[in-house]
Amino acid sequence: MITFDHVSKIYDGNVTAVKDVNFTVEKGDIVVLLGPSGCGKTTLLRMVNRLESITKGTIRINDKSTMDLDAIELRRNIGYVIQSNGLFPNMTIEDNVMIVPDLLGWDKQKKRKRYNELMDLIGLDGEEYRKRYPLELSGGQQQRIGVVRALAADPPVMLMDEPFGALDPIIREKIQDEFLQIQKEVQKTILFVSHDIDEAVRMADKIVLMKDGEIMQFDKPSELLTHPSNAFVSQFFGKDRALKSLSLHTVQELKDNIGLVHFDEAILDTKTIKVNQDLRNTLSMLLNQEADQVIVESMEGEKLGAVTIDLVQQYLHYEIKGMASGSTVEKG
Ligand SMILES: Nc1ncnc2c1ncn2[C@@H]1O[C@H](COP(=O)(O)OP(=O)(O)OP(=O)(O)O)[C@@H](O)[C@H]1O
Ligand SMILES: [Mg+2]
């Protein structure tokens, strides 16, 4: 658990970068710091592991003020992923990943075992990459290595500053999913900086939306999207915020609340999706194919019905306005 208690940062006596910030990252949660360039995200992150001093207020990790801990010790217990991965170009992949375990004095066998485990986690062959250098990897692979390096000594807390920032959208989504999958297993307490709304909505248990060093809203993504607390928040998410909220909901929820239609056997080449898919993916699938429906399958592969653009729109209406408007639709 990380607690920010009336935290402020003033640089050089006059630049107020962070202003009276209060929030808590619960154990095992991902909190995303979101906001325009210069709003104080990186400053806030770097105060946690004392790479920046705190001008006013207190940051606590599990109820202990960071100021009462030894700074070096503190940093060893906090995984830190900086933007553009920060791998050392003249060190091999294995040595990069094992920097912190090395500092902690782990023996060779323990390090090798951990290295292989971590590489497995991100779907890379440990043997194959052991002696390679960062520049011999693709951008996406380098960012994965940056993430597992921060996980290496199994720190309970992770600070991640735009860890996927350098990736193109498709690879980025893949790595986000991969990371969420890993997080399900490792259950770290994570503070994650992003300026990308889609990424924030996807990754966050809660979002801290900041402007000029102040918190505008701290809540679940769905709350920021559906109940913005002020004009800045609603403008930040933009007119298509309803569409963005689709990525928070699954076909299963649409089926439960509105129902599916019967699928038309006559339409050949109709694509299928699983009920656990999110509605944003579903909508883009619908928009990218000729047929006006996509068949919905249970996780076991049983055909449950079909989803149409109209149904997704009805769900949006239902979700955003809180009005159940699906009563005219045939249940599938
Ligand atoms: N070392 C410093 N000395 C003085 N001012 C600084 C320093 N570092 C950051 N600032 C200022 O503090 C404010 C917050 O900067 P910060 O880097 O935390 O923003 P950010 O939200 O991470 O932005 P970005 O999205 O561009 O990374 C900015 O106005 C910046 O110019
Ligand atoms: Mg920054």
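Since the structure is predicted, the reported quantities are computational estimates derived from the model, not experimental observations. (Residues numbered from 1 in each chain as written. Chains lettered and ligands numbered in written order. Predicted model: local features only at pLDDT ≥ 70, side-chain atom pairs only at ≥ 80, totals over all residues. Heavy atoms only, no water.)

### Some details on the overall build of the chain
Line of reasoning, step 1. A count of helices and strands for the chain gives 15 helices and 13 strands.
Line of reasoning, step 2. Structurally, the chain occupies a C-alpha span of about 65 × 50 × 30 Å along its principal axes.
Line of reasoning, step 3. Looking at the chain as a whole, 48% of its 332 residues qualify as buried.
Line of reasoning, step 4. Of the contacts made within the chain by residues no fewer than 6 positions apart, 64% connect residues no fewer than 24 positions apart.
Line of reasoning, step 5. When the accessible surface of the chain is summed, it comes to about 16400 Å², and 48% of that surface belongs to carbon and sulfur atoms.
Line of reasoning, step 6. For the chain, the centre of its 40 positive side-chain charges and the centre of its 51 negative side-chain charges are spaced 6 Å apart. (Helix = DSSP H or I, 4+ residues; strand = E, 2+ residues; numbered from the N terminus. Buried < 20%, exposed > 50% of the residue type's maximum accessible area, 1.4 Å probe, protein only. Contact = heavy atoms within 4.5 Å. Areas by Shrake-Rupley, 256 points an atom, 1.4 Å probe, with all protein chains shown as cover. Lys, Arg positive; Asp, Glu negative; His and termini not counted. Charge placed at Lys NZ, Arg CZ, Asp CG, Glu CD.)

### A closer look at the packing of aromatic side chains
Line of reasoning, step 1. Inspection of the entire model under this criterion finds six aromatic pairs.
Line of reasoning, step 2. Arranged with centres 6.2 Å apart and planes meeting at 65°, the rings of Phe-164 and Phe-179 form a pair that is edge-to-face. Remark: Phe-179 occurs in helix 8 (residues 169-186) and Phe-164 occurs in the loop between strand 7 (157-161) and helix 8; sequence separation between them is 15 residues. We note that Phe-164, like Phe-179, is buried.
Line of reasoning, step 3. These aromatic residues form a ring-pair network of at least three members: Phe-4, Phe-23 and Phe-218.
Line of reasoning, step 4. A cation over an aromatic ring shows up here: Lys-110 above the ring of Trp-106, its NZ or CZ 4.2 Å from the ring centre. (Phe/Tyr/Trp six-rings, centres within 6.5 Å; stacked < 30°, edge-to-face > 60°. Lys NZ or Arg CZ within 6 Å of the ring centre and 35° of its normal.)

### With respect to the sheet that holds strand 10 (residues 214-219)
Line of reasoning, step 1. Pairing in this open sheet of six strands is mixed, and the strands run 6-7-8-3-9-10 from one edge to the other. For this open sheet the edge positions go to strand 6 (78-81) and strand 10, each flanked by a neighbour on one side alone. Between one strand axis and the next, the sheet turns through 15° on average, direction left out of account.
Line of reasoning, step 2. Across four bridges, the pairing between strand 6 and strand 7 is parallel. (Pairing = 2+ DSSP bridges. Axes fitted to C-alpha atoms, helices over the stretch in contact; angles between N-to-C directions.)

### Some points on the nonpolar core
Line of reasoning, step 1. Counting residues in each nonpolar core, the largest one holds 44 residues, and the members touching the most others are Ile-145, Leu-209 and Phe-237.
Line of reasoning, step 2. No other element matches the five residues that helix 7 (residues 139-151) contributes to this core.
Line of reasoning, step 3. In this structure, Ile-145 is in contact with Leu-87, Ile-93, Val-97, Met-119, Ile-122, Leu-124 and Leu-137, ignoring residues within four places of it in sequence.
Line of reasoning, step 4. If you look at the next biggest cluster of nonpolar residues, it comprises 25 residues, including Val-7, Val-18, Ile-59 and Val-193. (Core = buried A, V, L, I, M, F, W, Y, C linked by side-chain atoms within 4.5 Å.)

### Some thoughts on unusual backbone geometry
Line of reasoning, step 1. Although it is not a glycine, His-6 sits at a positive phi angle of roughly 50°.
Line of reasoning, step 2. With a relative accessible area of 45%, His-6 lands in the partly exposed category.
Line of reasoning, step 3. The phi torsion at Asp-63 lies on the positive side, around 70°, for a residue other than glycine.
Line of reasoning, step 4. Inspection of the secondary structure assignment puts Asp-63 in the loop between strand 4 (56-61) and strand 5 (64-65).

### Some points on helix 5 (residues 108-121)
Line of reasoning, step 1. Look at helix 5: 20 Å from first C-alpha to last across 14 residues, which is about the 20 Å you get at 1.5 Å a residue.
Line of reasoning, step 2. Within the sequence span of helix 5, burial applies to Lys-111, Arg-114, Tyr-115, Leu-118 and Met-119. Down the axis of helix 5, the buried side of the element spans an arc of 135°, and every buried residue falls inside it. Pointing more than 90 degrees away from the buried face of helix 5 are the exposed residues Gln-109, Lys-113 and Asp-120.
Line of reasoning, step 3. Looking at the packing, one finds that the buried side of helix 5 touches helix 3 (93-97), helix 4 (99-103), helix 6 (126-129) and helix 7.
Line of reasoning, step 4. Its side-chain oxygen 3.1 Å from the backbone nitrogen of Gln-109, Asp-107 forms the N-cap of helix 5.
Line of reasoning, step 5. Count one or two residues on from helix 5 and you reach Gly-123, which has phi positive near 70°. (Expected span 1.5 Å × (residues − 1). Arc of directions from axis to C-beta. Polar contact = N/O pair within 3.5 Å; in protein donor to acceptor, adjacent residues only side chain to side chain.)

### Re the site of ligand 1
Line of reasoning, step 1. Near ligand 1 you find Tyr-11, Asp-12, Ala-17, Pro-36, Ser-37, Gly-38, Cys-39, Gly-40, Lys-41, Thr-42 and Thr-43, and these make up its full shell.
Line of reasoning, step 2. In this structure, Gly-40 approaches ligand 1 through a main-chain N or O atom, which is 3.0 Å from an oxygen atom.
Line of reasoning, step 3. Thr-42 is positioned with one of its side-chain polar atoms (N or O) 2.8 Å from an oxygen atom of ligand 1.
Line of reasoning, step 4. Across the complex, the protein chains shield 63% of the 640 Å² of accessible surface that ligand 1 would expose by itself. (Near = heavy atom within 4 Å.)

### What to know about the domain arrangement of the chain
Line of reasoning, step 1. The domain architecture assigned to the chain consists of domain 1 (2-239) and domain 2 (249-321).
Line of reasoning, step 2. On a C-alpha basis, the centres of domain 1 and domain 2 stand 34 Å from each other. (Domains from an automatic or database assignment.)

### Details of the packing of helix 7 against helix 8
Line of reasoning, step 1. Relative to each other, helix 7 and helix 8 sit at 20°, their axes nearing to 11 Å. One way to sum up the angle between helix 7 and helix 8 is to call them roughly parallel. As helix 7 runs across helix 8, the sense of the crossing is right-handed. When helix 7 is examined against helix 8, the residues Gly-140, Arg-144, Val-147 and Leu-151 are found in contact with a partner set consisting of Ile-171, Ile-175, Glu-178, Phe-179, Ile-182 and Val-186.
Line of reasoning, step 2. Of the residues belonging to the contact of helix 7 with helix 8, the class tally is seven nonpolar, one polar and two charged. (Parallel < 35°, antiparallel > 145°, perpendicular 65-115°, else oblique. Left-handed = near helix turned anticlockwise from the far one by under 90°. Nonpolar A, V, L, I, M, F, W, Y, C, P; charged D, E, K, R; others polar.)

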